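Below, each chain spelled out in residue letters.
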Amino acid sequence: MCTIELLDSRKRKKRSDVSVHHKRKRRLLPFVPSSDPDCRLQQMQSLAHALTSLNLEFSDDLTYPPGMAPRSANQAVMEYGGMQVLSKEDFETLGKCRAMAKSGECPPLVIVYDSCLGYTVEADDLIKDLTLIAEYAGDVDYIKNREDDDGDSMMSLLLTTDPATSLVICPDRRANIARFVSGINNHKPESRKKQNVKCVRYNVDGEVRVLLVATRDIVKGEKLFYDYNGYENEYPTHNFI
Ligand SMILES: C[S@@+](CC[C@H](N)C(=O)[O-])C[C@H]1O[C@@H](n2cnc3c(N)ncnc32)[C@H](O)[C@@H]1O
């Protein structure tokens, strides 16, 4: 499980009786939208174009259509091994990001078509380390209903001990920018250097949510990459570049 923590390096009085590591949690930062409204419009247009070309509807939320898993199935306490809880401060950051996105102040990201990778996501301004970039959105379904699904964008949501209660996010009808972020090649050690985003699952008010977070500063024009196999080793990346 990914924990974003930093050893507190402030000097302390030396104690000889016991060794204590004081850990300070690092807070997520809200994304900073591009200041130029024309840039923001172009960013949104690039997403609209990519979604339309794949016949997808825009949604920034987890959705629970009839016939799939109900919202009541998304219970973080059912996660095998437990799940980290989003802190109060990070919860506020998530709320701030959602409010900004709703009012048209989108994250500074643009979708760029690449002849090898298909649609990709690039930073359109500097994105600082630990910035909350996006929440993974789409329809929520039981893993057992998707065992023969060859979709390339499914994301683990809840991993219990049973596929009948485990959940996946399926951005095959509704999606946001998160489904366009590229993946690293898990078989090439040098590919790890490209990784600039981490996908982290959190218990948010009792439900599991999946967040994409910057793992270092990302400069304008840099493509976003994360590890598609962060939780389960099921995504084939042998042919990834
Ligand atoms: C979640 S989708 C990402 C968006 C996708 N590029 C598109 O055009 O819709 C995952 C798919 O993108 C492509 N992809 C992602 N990262 C890649 C990489 N590093 N090299 C090659 N293809 C990649 C693969 O086709 C993969 O199955």
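Residues numbered from 1 in each chain as written. Predicted model: local features only at pLDDT ≥ 70, side-chain atom pairs only at ≥ 80, totals over all residues.

**A word on helix α2 (residues 88–102)**
The condition is simple: We count a stretch as a helix when DSSP gives it H or I for four or more residues in a row; a strand needs E for two or more, and each element gets its number in order from the N terminus. Any helix carries an expected span of 1.5 Å times its number of residues minus one. As a rule, residues whose C-beta atom has 12 or fewer other C-beta atoms within 10 Å are exposed, those with 20 or more are buried, and those in between are partly exposed; C-beta atoms are placed from the backbone. What the arc describes is the spread of directions from the helix axis to the C-beta atoms. We call two residues in contact when their backbone-placed C-beta atoms lie within 7 Å.
If you check α2, its first and last C-alpha atoms are 21 Å apart, about what 15 residues at 1.5 Å a residue would give, namely 21 Å. Turning to α2, its buried residues are Asp90, Thr93 and Cys97. All buried residues of α2 lie within an arc of 50° about the axis, which places them on one face of the element. Facing away from the buried side of α2 by over 90 degrees, the exposed positions are Lys88, Gly95, Ala99 and Lys102. In this fold, the buried residues of α2 make contact with β3 (29–30) and β8 (131–135). Count one or two residues on from α2 and you reach Gly104, which has phi positive near 90°.

**Observations regarding the sheet that holds strand β10 (residues 155–158)**
To keep it simple, the criterion reads: Only strands joined by at least two bridges in the DSSP assignment are considered to pair.
As summarised here, the arrangement of the four strands in space is β5-β9-β11-β10, forming an open sheet in which the pairing is mixed. Lying at the two open borders of the sheet, with one neighbouring strand each, are β5 (62–63) and β10. Where β10 lies against strand β11 (residues 167–170), three bridges are found, and the strand directions are antiparallel. What sits directly across from Ser156, in β11, is Val168.

**Some thoughts on the pairing of strand β6 (residues 109–114)**
Here β6 pairs with strand β7 (residues 118–123) via six bridges, running antiparallel. Along β7, the bridge assignment pairs Val112 with Thr120. Two successive antiparallel strands, β6 and β7, enclose a turn made up of three residues.

**Some details on the site of the ligand**
The test is simple: Using the backbone to place each C-beta atom, any residue with that atom within 6 Å of a molecule or strand is considered near it. Any residue outside Ala, Val, Leu, Ile, Met, Phe, Trp, Tyr, Cys, Pro, Asp, Glu, Lys and Arg is labelled polar, Gly included; the first ten of those are nonpolar and the last four are charged.
Around the ligand there are 13 residues in total, and Gly118, Tyr119, Asp152, Ser182 and Phe240 lie nearest to it. Sorting the residues of the shell around the ligand by element identifies β7 and β13 (182–183) as the ones contributing at least two each. Residue composition of the shell around the ligand, by class: six nonpolar, five polar and two charged.

**What about the confidence of the model for the protein?**
The cut-off we apply is this: For every residue, the pLDDT score states the predictor's confidence, bounded by 0 at the bottom and 100 at the top.
Confidence in the prediction for the protein averages 91 pLDDT; 90% of positions are at 70 or higher. Under a pLDDT of 50 for its full length, residues 1–21 has, in the predicted model, 16 contacts with residues more than four places off or in other chains. What the predictor reports for the complex is a pTM of 0.90 with an ipTM of 0.99.

**Focus on the environment of Tyr142**
Structurally, Tyr142 can be placed in strand β9 (residues 138–142). Linking Tyr142 and Gly95, residues 47 residues apart in sequence, is a C-alpha distance of 27 Å. If near-sequence neighbours (up to four positions away) are discounted, Tyr142 is found in contact with Ala69, Ala164, Ser166 and Leu167.

**So, unusual backbone geometry**
Although it is not a glycine, Leu130 sits at a positive phi angle of roughly 75°. The residue Leu130 is located in the loop between β7 and β8 in this model. Positioned with a positive phi, Asp205 is a non-glycine residue whose angle comes to about 55°. Position of Asp205 among the secondary structure elements: in the loop between β14 (197–204) and β15 (207–214).

**Observations concerning the sheet that holds β3**
Pairing within the open sheet is mixed, and its four strands lie in the order β3-β8-β15-β14. Since the sheet does not close on itself, it has two edges, and those belong to β3 and β14, each with one partner. Bridging between β14 and β15 involves eight bridges; their strand directions are antiparallel. Bridge pairing in β15 links Tyr202 to Arg209.

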